[in-house]
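# Structural characterization, general
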Amino acid sequence: MKKFDLKGVKGVFANLRGGEKSASKGEVEIPETLQPHDFYCGKLSRHGFPFQPTCIAWDPIQKLVAVGTKRGDVRIIGKPGVDVAMQHTSPTVVLHIKFLINQGALITACSDDSINLWSYRQKVPEIVHSLKFCRERITCLYLAYQSKWLYLGTERGNVHIVNVETFTICGYIINWNKAIELSRKTHPGPVVHLSDNPMDPNKLLIGFETGLTVCWDLRCKMAESRFNSNECLRDACWSNEGKMFMCSYADGTLSTWNCKHPSKPVSVMTPHSKANKNGQLSPCKPINRLEWRAVKSGEPYIIFSGGMSYEAGRSPCLTIMHGKDVTVLEMEHKILDFIVLCRNVWSFEYDDPYAIVVLLASDLIFVDMTIPGYPCFQCPYALDLHESPVTCLKYISDCAADLIPAIYSCGAKQLREGYSKTEFPVSGGECTPSSNSYSEILITGHADGSIKFWDVSGSTILFLYRLKSSKQFEKIKRKYEEDEDVLAIQHIYLDEESRHLVVAASQHVIVYGYRKKELSYDVPVVEVPAISELVDEDIESPSSPSNIKVSQNISNNVTGPAEAGHVTRPNAENKPFKLYRLKSAPTLSTYSFKPDVKTSVKAKSGARKYSVGYQPELVVLVQWYEGTTPPIITSVCINSSYGMLAAGTTTSLFIMDTVQKTCLLNIHPAELCNSEIGRLATPTMTSPKKRLPSASVSDQESGAEANSRSTEQVMNVYIVIPVSSMCYKL
């Protein structure tokens, strides 16, 4: 550790003050050799979860997943490194996606009533064909494996058929009035489900929102049977034998219908309803999605989302029923859709499901169905990049070769146990491995106070390590949800040589050191008070120049700002002057009552155990008085060789000794750039034990005496600086 001398710091500040005079002598022009055509800005890769997802699709042969969003984006995800982004010409909502299985194409239905056929066989995906509906809105679509007919359900209750090979609408239309005939006196509502019979593709099951389900014969062009229900229909699914189908309704019930007996359902069950004291069943939420999958040995699987009792809480759940076993998987976010991955592609065979892909509002979950308990797969993508909103980024290029392995070794111990060890189901696409000759690290700061390390050396982004700064503070009670999170990381600084990490939020700084063993200790906390602010006023220059004079009228019992003294300086050109008032932090004598010292967070006390990796060495809290504007940290830096930490705020610059855990300097930025202010206010030497500034001050002082006076004693000082002077922000 190198020795530190405070005189050296004062010398640096003196050079900064003198830099203004030397800059006026002339500037050296630097010839520019780079031209605009020497630069190219292009997108190399895309990482993170798709923003505002809406729907999902699965190609069981190519093993690809497609996700549509509200902004018209489509993401195709395969093995790690395979990530293709497509975007519609207009920012329209993607409502539905269907793969043309094993053909390198997919179909999207959008909110502008358009249907688009995408081809991603080439390097740049593009729209090959497009259709536009003018009078009807598309509500659902169905495309069977190796079929050339695409069925479209509309809001008016009609069903249109599109030839996929020519991508044209054929003349065959199933009108809603022909589908219901005399079975209902009112409109059946929009079409919410379409699927063909696994054993007979000429039988099409049409589900209407009001609860009516129709089995339509495509050859005879007539309804074969109709199934009425008083509840609103949400989804339906055929059995693999094609003799029965199951429907889910808005009241949380599941009804099984036999195609030959349409008068009443074979069975009706409410999986999550419980009887109350009066013997009545409790109401349940709607079952929005339903899958009925058969296996060769054993009973079939019934998988659905929703259907929970209103008394059970608000957590979104996915239910897996296998015989008498009922497993409920709670999700952290709203379930938008899910797909059951099966080993067999043909619907008339046994499905043998092995995994479930669940699309959440902010995540993509993969569930393993081959292991009891249904554990999740460890996702190889950086889909949780925005698990908490990213508030700060730090990119480090050409870092030390041993830095990434060291951080990764610590992060490997953070991986949660309980993940499935089965091979990840999404393995489609081909990716050419690409890596740089140098290492690259991306550090992200998040709104919840967490810091994540990522390896971005190759075409993929790999998670390395996670750090939670919130563990250093007591739990914060937020009055309103819209209140700004005081734990949000705003600045990150990494010293690659010593591996010291500095993170800063709005009003606190934490210094972390990298260690290879577990330690238990109490983290030192230093509180730094906020100091003066500058308030400027324009005044006319005096007619007769003279030396700078300062007069003050300050009393220990003053309850408001002190009266201004007259300040003059030589000015031969009679330029207007800028009047700066150096307003120090209030002292105890300024108030008729004892003010409260505020900090945005409260550090935890006592020794605690810290695991291998980054461990906290110092916590710095910025203080301010209640009723005043809280200062905001604007920049941080650390010099591990000298054991110094510097941080700039909106009202001060302070330097910390990270070895002795003390504040060496706390000074206003204006004192660094203006010699006049420097004569009147010397740097403040703040002891960590002193949490409030001194209240004593003399009645009058001369300019020479002001040099040795501490700013803790100054309440109001007026300084005159020419308007043409340069102002620096640190």
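Parameters and conventions
- Residues numbered from 1 in each chain as written.
- Predicted model: local features only at pLDDT ≥ 70, side-chain atom pairs only at ≥ 80, totals over all residues.
- Heavy atoms only, no water.
- Helix = DSSP H or I, 4+ residues; strand = E, 2+ residues; numbered from the N terminus.
- Buried < 20%, exposed > 50% of the residue type's maximum accessible area, 1.4 Å probe, protein only.
- Contact = heavy atoms within 4.5 Å.
- Areas by Shrake-Rupley, 256 points an atom, 1.4 Å probe, with all protein chains shown as cover.
- Pairing = 2+ DSSP bridges.
- Polar contact = N/O pair within 3.5 Å; in protein donor to acceptor, adjacent residues only side chain to side chain.
- Phe/Tyr/Trp six-rings, centres within 6.5 Å; stacked < 30°, edge-to-face > 60°.
- Salt bridge = Lys/Arg side-chain N within 4 Å of Asp/Glu carboxyl O.

## Brief notes about the overall build of the protein
What the protein contains, in helices and strands, is 6 helices and 46 strands. For the protein, the residues scored as buried account for 48% of the 730 residues in total. When contacts within the protein are restricted to residue pairs at least 6 apart in sequence, those whose partners lie at least 24 apart make up 56%. About 38300 Å² of surface is accessible on the protein, with carbon and sulfur atoms providing 51% of the total.

## Looking at the side chain of Ser225
Residue position: Ser225 is located in strand 16 (residues 222-227). Its relative accessible area of 8% is what places Ser225 among the buried residues. Leave out the neighbours within four places in its chain, and Ser225 touches Thr213, Val214, Cys215, Cys259 and Pro262.

## Observations concerning the pairing of strand 7 (residues 114-119)
For strand 7, the tally of buried residues reaches 6 of 6 residues, placing the bulk of the element in the interior. Because side chains alternate across strand 7, one face comprises the buried residues Ser114, Asn116 and Trp118, and the other comprises Ile115, Leu117 and Ser119, equally buried. The pairing of strand 6 (residues 105-110) with strand 7 spans 5 bridges and is antiparallel. Within strand 7, the position partnered with Ala109 by the bridge is Ile115. Taken together, strand 6 and the strand that follows it, strand 7, pair antiparallel across an intervening segment of 3 residues, in which Asp113 is found at a positive phi of about 65 degrees. Where strand 7 and strand 8 (residues 126-132) come together, 6 bridges link them in antiparallel fashion. By the bridge assignment, Ser114 is partnered in strand 8 with Lys132. Counted along the chain from strand 7 to the antiparallel partner strand 8, the turn is 6 residues long.

## Digging into the side chain of Ser282
Relative to the elements of secondary structure, Ser282 occurs in the loop between strand 20 (267-269) and strand 21 (287-293). Of the polar contacts made by the side chain of Ser282, one reaches the side chain of Ser309; its length is 3.5 Å. Beyond its immediate stretch of four places on either side in the chain, Ser282 contacts Ser273, Lys274, Ser309 and Glu311.

## Some remarks on the packing of aromatic side chains
Enumeration according to the criterion identifies 14 aromatic pairs in this entry. Seen in terms of ring centroids, Tyr142 and Tyr151 are 6.4 Å apart; in terms of plane orientation they differ by 25 degrees. Their pairing is stacked. Of the two residues, Tyr142 and Tyr151, neither departs from the other in class, the shared state being buried. Members of the aromatic cluster, each reached through a chain of ring pairs, are Phe227, Trp238, Phe245 and Trp257.

## Structural notes on the environment of Glu332
As for its position among the elements, Glu332 is in the loop between strand 24 (325-330) and strand 25 (335-342). C-alpha of Glu332 to C-alpha of Ser362: the two residues are 30 residues apart in sequence and 8.8 Å apart in space.

## With respect to the pattern of salt bridges
This model, assessed by the stated rule, comprises 16 salt bridges. Two residues, Arg137 and Asp113, come together in a salt bridge whose shortest N-O distance is 3.9 Å. Here Arg137 is found in the loop between strand 8 and strand 9 (138-143), whereas its partner Asp113 is found in the loop between strand 6 and strand 7, with 24 residues between them in sequence. Of the residues examined, Arg137 reaches a relative accessible area of 42% and is grouped as partly exposed. In this structure, the salt-bridge partner of Arg293 is Glu291, at a minimum N-O distance of 2.8 Å. On the basis of relative accessible area, Glu291 is assigned to the buried category, the value being 10%. Among the ionic contacts, a cluster of salt bridges with common partners joins Asp235, Arg289, Glu291, Arg293, Asp337 and Asp351.

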